[in-house]
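Residue-level structure breakdown
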Amino acid sequence: MTLNSARSAVRAGVLTAALAALLCTAATTESVASAESPSARPAAVQADVPAGVTAGVAVFDRRTGTFTEQLNASAQFRSASVVKLLIALDVLWNRSPDALSAADRARIDTMLRGSDDAAASTFWSNSGSGAIVDRMVARLGLTDTARPPSTHPGYWGYTALSARDTVKIYRHLLDSAPAATRDYVLGDLRQSTRCATDGYDQHFGIAGSFNRPWAVKQGWSGFSSGGCTAPAAAAAKTDEAAEAAEAAGEPEGTAARTSTGADAVDLSRPALHTTGLVGEGDRAIVAVFTLHPGGTSYGKAYTDIGRLTRSLNVPGASRPAGTWVGTWGSGVRVRTQATTTSGAITTLPAGVEVLVGCQKRGQQVSQPPYVNDWWAQLPQYGGYMTNIYLSVPENQVPGVPVC
């Protein structure tokens, strides 16, 4: 028996007894077909909402002009960064993207691609704050959208928004907005970066559940860490900009209430939203708004909204091949090769589920009492992570092919 084999055998012996106490996340795997035809699914599918999660869902099929999913579609949620769609449209109203200054174009690009808060705060302050929301409500005929509470006028992320109003926003972009505006805004949403400028991994929900083509605008609020390697160019926010940002400026437990349309909006529980377009020709519009129990980690919320989104009937969607597997530990890196010395692509949100495409042997990694030389290939990240941090009882993930 080789030394590596002996170590693997020792590890296998201790793993059965110790795994439940040492792993942070229970083992979870889910196989996914490479491309699921909408016709193979029932006409109406009940959204699978994880325990403890409050959700508002709307999925609109542009080909048939009908909703395939509606769950609490009119319920108001604090928008978090989804309101950046309205901010961008307000800036571009009756104005061609070509007419913008270079500085404003750069702000819109980083606001929509990297969900930059400082850019949103600049537009919010310069364009009348809550008046932006009032104007867009009138222009688009929104029924569930309202400016932030008067107690928090600078908190653009406290704008009230619903899933069905979000569908209206995307329908305006696709069907009514000038072609130059449509192509510019959707072009940015198609270039959504995995790491937002504030260091949050924003490729959850739609971006993790479906193959491209898609275009997304995500939102998050009330989490302490997003577990993503932020771009080196991201600058620290000023105190004023951070104060207005939906996450950095929100004191935990805030529960402001007014008698306005935002009266019923929960400002305390962690929020995670995924919205956008899916499929060839932007066939489906998807809006999923979620609230999670206080103290929920970003990785847990990321996993839950992923499971919910994957359960939906989304016409035209192509679903990635692989096996969904839970992870444990924090600061787990995705690397370019199956070695700890290769370049780090990013870090994973602690405890998040990942899609594993295949696995192969690489550098041996030790995390006492575990030793493992198997590595998982993560197609959605374009790299590898050591199997030692996958929540499975064996060195290899059962049922996953060798690369």
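In this report, we go over the structure that sits alongside the text. (Residues numbered from 1 in each chain as written. Predicted model: local features only at pLDDT ≥ 70, side-chain atom pairs only at ≥ 80, totals over all residues. Heavy atoms only, no water.)

Looking at the sheet that holds strand S7 (residues 271-278)
Strand pairing within a sheet occurs via backbone hydrogen bonds; the two strands may be parallel or antiparallel. We count it as follows: Two strands make a pair as long as DSSP finds a minimum of two bridges between them. Segments assigned H or I by DSSP are reported as helices when at least four residues long, segments assigned E as strands when at least two residues long, and all are numbered from the N terminus. Angles shown run from 0 to 180 degrees and are taken between the N-to-C directions of axes, each axis being a line fitted to C-alpha atoms and, for helices, limited to the stretch in contact. Contact between two residues is taken to exist if any of their heavy atoms lie within 4.5 Å; hydrogens are not considered.
Spatially, five strands are ordered S3-S2-S8-S7-S6 in an open sheet, and the strand pairing comes out antiparallel. The open sheet has two free edges, formed respectively by strand S3 (66-71) and strand S6 (214-221), since each of these has just one partner strand. Ignoring strand direction, the axes of neighbouring strands in this sheet form an average angle of 5 degrees. Pairing geometry for strand S2 (residues 54-61) and S3, over five bridges, is antiparallel. The residue of S3 that forms the bridge with Asp61 is Thr66. Contacts between helix H7 (residues 179-190) and the sheet are confined to S6 and S7, with S6 contributing the most and set at about 70 degrees to the helix.

Topic: the nonpolar core
We apply this condition: By nonpolar core is meant a set of buried Ala, Val, Leu, Ile, Met, Phe, Trp, Tyr and Cys residues that side-chain atoms within 4.5 Å join together. Residue exposure (1.4 Å probe, protein chains only): buried if accessible area is under 20% of the type maximum, exposed if over 50%, otherwise partly exposed.
Formed by 51 residues in total, the largest nonpolar core has its most connected members in Leu312, Val314, Val354, Met385 and Leu390. Sort the elements by how many residues they give to this core and helix H10 (residues 298-310) lands first, with five residues. Ranked by size, the runner-up nonpolar core spans 45 residues in total, among them Leu89, Leu142, Ala163 and Phe289.

Comments concerning the state of the cysteines
Our working rule: Two cysteine sulfur atoms form a disulfide, by the criterion used here, when they sit within 2.5 Å.
By the definition in use, this model includes two disulfides. Note that Cys195 is cross-linked by a disulfide to Cys228, the S-S spacing being 2.0 Å. Here the disulfide of Cys195 and Cys228 is left-handed, its torsion about the S-S bond being about -75 degrees. With Cys195 in the loop between H7 and helix H8 (206-209) and Cys228 in the loop between S6 and helix H9 (239-244), this residue pair connects regions lying 33 residues apart in the sequence. We classify Cys195 as buried; its relative accessible area is 12%. Residue classification places Cys228 among the buried residues on the basis of a relative accessible area of 10%. Here Cys358 pairs with Cys403 through a disulfide, and the sulfurs are 2.0 Å apart. In this structure, the disulfide formed by Cys358 and Cys403 twists by about 95 degrees around the S-S bond and is classed as right-handed.

Examining empty space enclosed by the protein
The cut-off we apply is this: Cavities and pockets were defined on a 1 Å grid built from protein atoms only: a cavity is a group of points that admits a 1.4 Å probe but offers it no way out, a pocket is an open group of points flanked by protein on both sides within 12 Å along at least five of seven lines, and a lining residue is one with an atom within 4 Å of any such point. Grid points are joined across faces, edges and corners, and a volume is the space filled by probe spheres set on the points. Each residue is assigned to one of three groups, with Ala, Val, Leu, Ile, Met, Phe, Trp, Tyr, Cys and Pro labelled nonpolar, Asp, Glu, Lys and Arg labelled charged, and all others, Gly among them, labelled polar.
Scanning all chains against the criterion turns up two cavities of 30 Å³ or more. Taken together, 17 residues line the largest cavity, and the ones lying closest to its centre are Gly208, Tyr302, Trp324, Glu353 and Gln380. Contributing elements (two or more residues each) for the lining of the largest cavity: H8, H10 and strand S12 (354-356). Per-element tally for the lining of the largest cavity: the top contributor is H10, with four residues. The residue makeup of the lining of the largest cavity, split by class, is seven nonpolar, seven polar and three charged.

Some thoughts on the packing of helix H2 (residues 84-92) against helix H3 (residues 102-113)
To keep it simple, the criterion reads: An angle below 35 degrees is treated as roughly parallel, one above 145 as roughly antiparallel, one from 65 to 115 as roughly perpendicular, and anything else as oblique. The crossing is said to be left-handed when, going from far helix to near helix, the turn is anticlockwise and less than a right angle, and right-handed when the turn is clockwise.
Interhelical geometry of H2 versus H3 gives an angle of 160 degrees and a closest axis separation of 10 Å. Judged by the inter-axis angle, H2 sits roughly antiparallel to H3. In this structure, H2 crosses over H3, and the sense of that crossing is left-handed. Taken together, the residues of H3 that come into contact with H2 (itself represented by Lys84, Ile87, Ala88, Val91 and Leu92) are Ile108, Met111 and Leu112. For the contact of H2 with H3, the residue count by class is seven nonpolar, no polar and one charged.

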